[in-house]
Amino acid sequence: MISLENVVKTYQTRKGDVNALSNISLRINKAEFVVICGPSGSGKTTLLMTVAGMLRPTSGVVSIEQNNLYAMSIRARAKFRAQNIGFVFQMFHLVPYLNAAENIVLAGVAVTSKNRKARTHDLIKKFGLVGRSYHRPYELSAGEKQRTAIARALLNRPKIILADEPTGNLDPDNATSVLGYLSDFHRSGGTVILATHGPTAERFADRIIYLRNGIADNSG
Amino acid sequence: MLILNLILKEIIHRKMNFLLSLLAVLTAVAFFICVFTAAKASERETARLMLSMGYNLHIIPNDTDMNQFLLSGLTNATMPEEYLEKLASPKGFSYNHLLATLQRKTLWRGFEVILTGLAPEVCPPGQKKPPMVHPIEPGTAYVGYIMADKLGLKKGDTIEIGGKSLKIAKCLFEQGGVDDIRIQCHLKDAQDILNLPGQISQIQAVDCLCFAPTNDPLSILRNEIASILPEARAFQMRPIAMARAGQRQMVRNLFAVITPFVVIVCGAWIGVLAMTNVRDRQQEIGIMRALGYGSEKVSAMFLGKAAIIGLIGAVLGFVIGTALALSFGPNIFKITAKTMIKPELTLFIWSVIAAPLFAAVSSFIPTMLAATCDPAVTLREE
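I will try to describe carefully the structure that is included in this document. (Residues numbered from 1 in each chain as written. Chains lettered and ligands numbered in written order. Predicted model: local features only at pLDDT ≥ 70, side-chain atom pairs only at ≥ 80, totals over all residues. Heavy atoms only, no water.)

**Brief notes about the overall build of chain A**
Along the backbone of chain A there are six helices and 10 strands. Scored against the burial criterion, the 220 residues of chain A give a buried share of 57%. A separation of at least 24 residues holds for 70% of the contacts in chain A among residues at least 6 apart in sequence. (Helix = DSSP H or I, 4+ residues; strand = E, 2+ residues; numbered from the N terminus. Buried < 20%, exposed > 50% of the residue type's maximum accessible area, 1.4 Å probe, protein only. Contact = heavy atoms within 4.5 Å.)

This is the structure:
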């Protein structure tokens, strides 16, 4: 279970403090598909990054299965993230000098070298990247890039996938395909938290959380 | 995936970035090698040029009539030739290039000449240097310009002086001084001609106190010489000694300022470049950290690349810098360059240690800053 208790995140800017998350408390159950909706600047990305252990909140507690993420050392948190969380970015964030297969393998810090190869091969097949596995990101279409990014997120068999606008740069067909992969992961027992400002993903959601000006409306 | 593998793939992917970085390190190292070589060569060249001003230390018998000596530059007093060996035997004294001479004004073929017998120059132990004057072979003579001109003498002629035949080995160019009426021969020949066996009239030398922290080098020299030869007196040609010391100190001081400056500039040059490279790759650091890589692996990737560039740049920079020094050195440092400018192993070792170190240390700060902050912050800086 993922738990946020009174989480506040304030960015300090030259023009003053900006509250990205205002006292957010929520619980997300194991194997739940949660969609976080809200307009740009509502705090969706900040929330996902905070849950992923990639952005320390100004105050509050973020726990995953009783593990207080920000009480861990940087190294321990990185290891925990590698073992438990997969992250899919809107901008893909693939390493430009590695081909698709290498980008997927790159995530394999938490799996043994032998399993990593076999697992990468399986994921390449599953995500329809067989003919593209030796291509670099600039040679891939947006859909292929995002499929590579999802495969990378799944390499370590995480329990949780956090997806930040994963369909934001995709055409409708590719967007549906990507949401299908995330739905498959959810059906196999994984937890998905997906941030979006559009309605496309809502049909896959067990629960929708609306975020506006850093304040969560959990009623959905 | 091995860190080295990632580094190599990145280098291949960003060839131009790698080549430009390499070029910058190479240029910095080559520049440093050139300046350092020039500094050393310049010191050596100055020292040799200053030697051409002549001997600045004179050791003469105690009973020399100083008035006569200062008027004519000659003394009729003599001292035993063994004094030369005595002066040359101690280690660590402040003089070098010891030259024993026997000189007399004499009438020869209707002209007043100065007959000078020269012993081969000797150096004290551990201070071996090339001689300032070339030794004259026994049975030969060097004839001054005016004498050769007036008497129509030329190389290969045989002259007779004091009943001794000497073959002319060289007719000297015009010097504009007393050397133009001098006949130089080996010390033994002069002793035979003047009937003064085993005697010399003075020992000339060069002091080695150019960099000594003293305002009174003559006292040091007199004390040292008096401890070996109480029967002789020493005096210094002060203008020559001061000019020599001043010039050598000026060159050394100049490069003492320039060299650290060049080291700092070259180091900063490499450093700024390495920092820029890391700053350009912030996103990668964010991705690696988001994927669960620890800061040590991320740092190894960036510091490894910096070290590789530093190492290759240092080797190439050393080769190019040395090649430039070897090509242009002889045109600038005409006396010493041919024998003294050569590839220096010490410089090579310093280069291959310092350049990768500068590059890695400079990369270290931005890498650690990026690797230790939250991945989301690094990714946002994209």
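**Brief notes about the overall build of chain B**
Each helix and strand counted, chain B has 13 helices and 11 strands in total. Each of the 382 residues in chain B was classed as buried or not, and the buried ones make up 48%. Counted over contacts in chain B with a minimum sequence separation of 6, partners at least 24 positions apart contribute 79%.

**A short note on the side chain of B:Thr116**
Residues and elements named next belong to chain B. Secondary-structure assignment places Thr116 in strand β4 (residues 111-118). According to the relative accessible area criterion, Thr116 is buried, its value standing at 4%. Not counting the four nearest positions on each side in its chain, Thr116 is found in contact with Thr101, Leu102, Gln103, Arg182, Ile183, Gln184 and Cys185.

**Things to note about the sheet that holds strand β3 (residues 33-37) of chain A**
Residue and element names in this part refer to chain A. If you walk across this open sheet you meet the six strands as β6-β7-β8-β3-β9-β10, and the pairing is mixed. Each having just a single partner strand, β6 (85-88) and β10 (215-217) make up the two edges of the open sheet. Pairs of neighbouring strands in the sheet enclose a mean axial angle of 20°, with direction left out of account. Its contacts with the sheet put helix α5 (residues 142-154) on β6 and β7 (160-164), and the angle it makes with β6 is roughly 170°. (Pairing = 2+ DSSP bridges. Axes fitted to C-alpha atoms, helices over the stretch in contact; angles between N-to-C directions.)

**Some thoughts on the interface of chain A and chain B**
With 26 residues of chain A at the contact, the number on the chain B side is 26 residues. Its largest share of buried area at the contact with chain B, chain A owes to A:His93, A:Tyr97 and A:Leu106, together 29% of the area lost on that side. There are two salt bridges connecting chain A and chain B. The interface formed by chain A and chain B contains seven residue pairs in polar contact (both at pLDDT 80 or more). Those elements that provide at least two residues to the side of chain A that touches chain B are α2 (74-84) and α3 (100-106) of chain A. (Buried area = accessible area lost by both parts, 1.4 Å probe. Salt bridge = Lys/Arg side-chain N within 4 Å of Asp/Glu carboxyl O. Polar contact = N/O pair within 3.5 Å; in protein donor to acceptor, adjacent residues only side chain to side chain.)

**Considering a nonpolar patch on the surface**
Together, B:Leu311, B:Ile312, B:Val315, B:Leu316, B:Val319, B:Ile320, B:Leu324, B:Phe328 and B:Ile332 give the surface a local cluster of nonpolar side chains, amounting to about 740 Å² of exposed area. Tracing the backbone shows B:Leu324 in helix α10 (residues 295-332). (Patch = residues over 30% accessible without salt bridge, like charges linked within 9 Å, V, L, I, M, F, W, Y side chains within 5 Å. Areas by Shrake-Rupley, 256 points an atom, 1.4 Å probe, with all protein chains shown as cover.)

**Focus: the sheet that holds strand β2 (residues 16-28) of chain A**
Residue and element names in this part refer to chain A. Strand order in the open sheet made by the four strands is β2-β1-β4-β5, with antiparallel pairing throughout. Of all the strands in the sheet, just β2 and β5 (67-68) have a single pairing partner and so form its edges. Relative to β2, strand β1 (residues 2-13) runs antiparallel, the two being bridged by nine bridges. Considered in β2, the bridge of Ile2 is made with Ile28. Of the strands in this sheet, β1, β2 and β4 (59-64) touch helix α1 (residues 44-51), which is tilted by about 120° from β1.

**Concerning the packing of aromatic side chains**
Residues and elements named next belong to chain A. Within the structure shown, the criterion is met by six aromatic pairs over all chains. Between Phe33 and Phe204, the ring centres sit 6.4 Å apart and the planes meet at 20°, which makes this aromatic pair stacked. Of this pair, Phe33 sits in strand β3 while Phe204 sits in the loop between β8 (191-196) and β9 (207-212), and the two are 171 residues apart along the sequence. Here Phe204 falls in the buried class, since its relative accessible area comes to 17%. (Phe/Tyr/Trp six-rings, centres within 6.5 Å; stacked < 30°, edge-to-face > 60°.)

**Re α5(A)**
An ideal rise of 1.5 Å per residue puts 18 Å on 13 residues; α5(A) measures up with 18 Å between its terminal C-alpha atoms. Of the positions making up α5(A), those classed as buried are A:Gly143, A:Glu144, A:Gln146, A:Arg147, A:Thr148, A:Ala149, A:Ile150, A:Ala151, A:Arg152, A:Ala153 and A:Leu154. (Expected span 1.5 Å × (residues − 1).)

**Comments concerning the pattern of salt bridges**
All names here are of chain A. This model, assessed by the stated rule, comprises 16 salt bridges over all chains. We note a salt bridge from Lys44 to Glu165, for which the minimum N-O separation is 3.8 Å. In this pair, Lys44 sits in helix α1 while Glu165 sits in the loop between β7 and α6 (172-187), placing the two residues 121 residues apart along the sequence. Take Lys44 and Glu165: they sit in the same class, and that class is buried.

**Quick word on unusual backbone geometry**
A negative phi angle characterises most non-glycine residues, just as the trans form characterises most peptide bonds. All names here are of chain A. The phi dihedral of His93 falls on the positive side, at around 50°, and the residue is not glycine. If you trace the backbone, His93 turns up in the loop between β6 and α3. With phi around 45°, Glu165 is a residue other than glycine that occupies positive phi space.

**Some words on the packing of helix α1 (residues 3-13) of chain B against α10(B)**
Residue and element names in this part refer to chain B. For the pair α1 and α10, interaxial distance at closest approach is 9 Å and the crossing angle is 55°. Between α1 and α10, the crossing angle belongs to the class labelled oblique. As α1 packs across α10, the resulting crossing turns out to be right-handed. Judged by residue contacts, Ile3, Leu4, Leu6, Ile7, Glu10 and Ile11 of α1 engage Lys297, Ala300, Met301, Gly304, Lys305 and Ile308 from α10. Taken together, the residues of the contact of α1 with α10 sort by class into eight nonpolar, one polar and three charged. (Parallel < 35°, antiparallel > 145°, perpendicular 65-115°, else oblique. Left-handed = near helix turned anticlockwise from the far one by under 90°. Nonpolar A, V, L, I, M, F, W, Y, C, P; charged D, E, K, R; others polar.)

**A short note on the side chain of A:Asn84**
Residue and element names in this part refer to chain A. Counting through the fold element by element, Asn84 comes out in helix α2. For Asn84, a relative accessible area of 7% translates into the label buried. In contact with Asn84, not counting residues within four places along its chain, are Pro158, Lys159 and Ile160.

**Let's talk about the nonpolar core**
Ranked by internal contacts, the top residues of the largest apolar core, which has 106 residues, are A:Leu4 and A:Leu162. A total of eight residues in this core trace back to one element, the largest contributor, which is helix α2 (residues 15-51) of chain B. With residues near it in sequence (within four places) discarded, A:Leu4 still touches A:Ile24, A:Ser25, A:Leu26, A:Leu47, A:Val51, A:Val61 and A:Val62. B:Tyr95, B:Met147, B:Leu166 and B:Ile193 belong to the second-largest nonpolar core, a separate cluster that totals 38 residues. (Core = buried A, V, L, I, M, F, W, Y, C linked by side-chain atoms within 4.5 Å.)

**Looking at the packing of helix α9 (residues 282-290) of chain B against α10(B)**
All names here are of chain B. Where α9 meets α10, the closest approach of the two axes is 10 Å, and the angle between their N-to-C directions is 150°. The angle between α9 and α10 falls in the class roughly antiparallel. You can see that α9 and α10 cross each other, and the crossing is right-handed. Counting all contacts with α9, which are made through Glu284, Ile285, Met288 and Arg289, the residues of α10 involved are Val298, Met301 and Phe302. Classifying every residue of the contact of α9 with α10 gives five nonpolar, no polar and two charged.

**Considerations on the pairing of strand β5 (residues 140-143) of chain B**
Residue and element names in this part refer to chain B. Of the two faces of β5, the one lined by Thr140 and Tyr142 and the one lined by Ala141 and Val143 are each fully buried. As judged from the four bridges shared by β5 and strand β7 (residues 164-171), these two strands associate in the parallel manner. Across the sheet, the residue bridging to Val143 is Cys171, located in β7.

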